[in-house]
Amino acid sequence: MSSHVTPSPATPRHSASARAVLAELLHHPLAGHWPAEFRALLCVNAARLRGEQGQHAQAGRWLHKARALSQCAVTLREIEQLALMPQ
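Residues numbered from 1 in each chain as written. Predicted model: local features only at pLDDT ≥ 70, side-chain atom pairs only at ≥ 80, totals over all residues. Heavy atoms only, no water.

Draft legend 1. Highlighting the side chain of T75. Along the polypeptide, T75 turns up in helix α4 (residues 73-84). Since its relative accessible area comes to 4%, T75 is described here as buried. One polar contact links T75 to E37, side chain to side chain, over a distance of 2.7 Å. In this view, T75 contacts E37, A40, L41, V44 and S70; residues no more than four positions away in its chain are not counted. (Helix = DSSP H or I, 4+ residues; strand = E, 2+ residues; numbered from the N terminus. Buried < 20%, exposed > 50% of the residue type's maximum accessible area, 1.4 Å probe, protein only. Polar contact = N/O pair within 3.5 Å; in protein donor to acceptor, adjacent residues only side chain to side chain. Contact = heavy atoms within 4.5 Å.)

Draft legend 2. Quick peek at the packing of aromatic side chains. Going through the model one piece at a time under the given rule, you end up with 1 aromatic pair. Ring centres of W34 and F38 lie 5.6 Å apart, and the angle between their planes is 70 degrees; this geometry places the pair in the edge-to-face category. (Phe/Tyr/Trp six-rings, centres within 6.5 Å; stacked < 30°, edge-to-face > 60°.)

Draft legend 3. Up close: α4. Under the 1.5 Å per step criterion, the end-to-end length of α4 is 17 Å for 12 residues, consistent within 8% with the ideal 16 Å. Looking at the buried positions of α4, the neighbouring elements they touch are α2 (36-52) and α3 (56-69). (Expected span 1.5 Å × (residues − 1).)

Draft legend 4. Just the pattern of salt bridges, in detail. By the definition in use, this model includes 2 salt bridges. Measuring nitrogen to oxygen at the nearest pair gives 2.1 Å for the salt bridge that ties R48 to E78. One end of the pair, R48, is in helix α2; the other, E78, is in helix α4, with 30 residues separating them in the sequence. Take E78: its relative accessible area is 23%, and that puts it in the partly exposed class. (Salt bridge = Lys/Arg side-chain N within 4 Å of Asp/Glu carboxyl O.)

Written out as structure tokens, the structure reads:
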């Protein structure tokens, strides 16, 4: 038996626990010591979440931070794709 619930279009894609974990990681006291690319990926996910919630200004700030942290072509491409998404 699995407790996995497939999200419907009416429910958010991210569970409350996933949002809580992401927030905890983004504000962790030792986050400044983590590799920049890992922090950039956290910012990308935060931007995606904010965009899904309709908080486009906050999503843009997270994308800006991710762009400043990342040097990986794949991550930078994902950032650009998210930045082009309609608001």
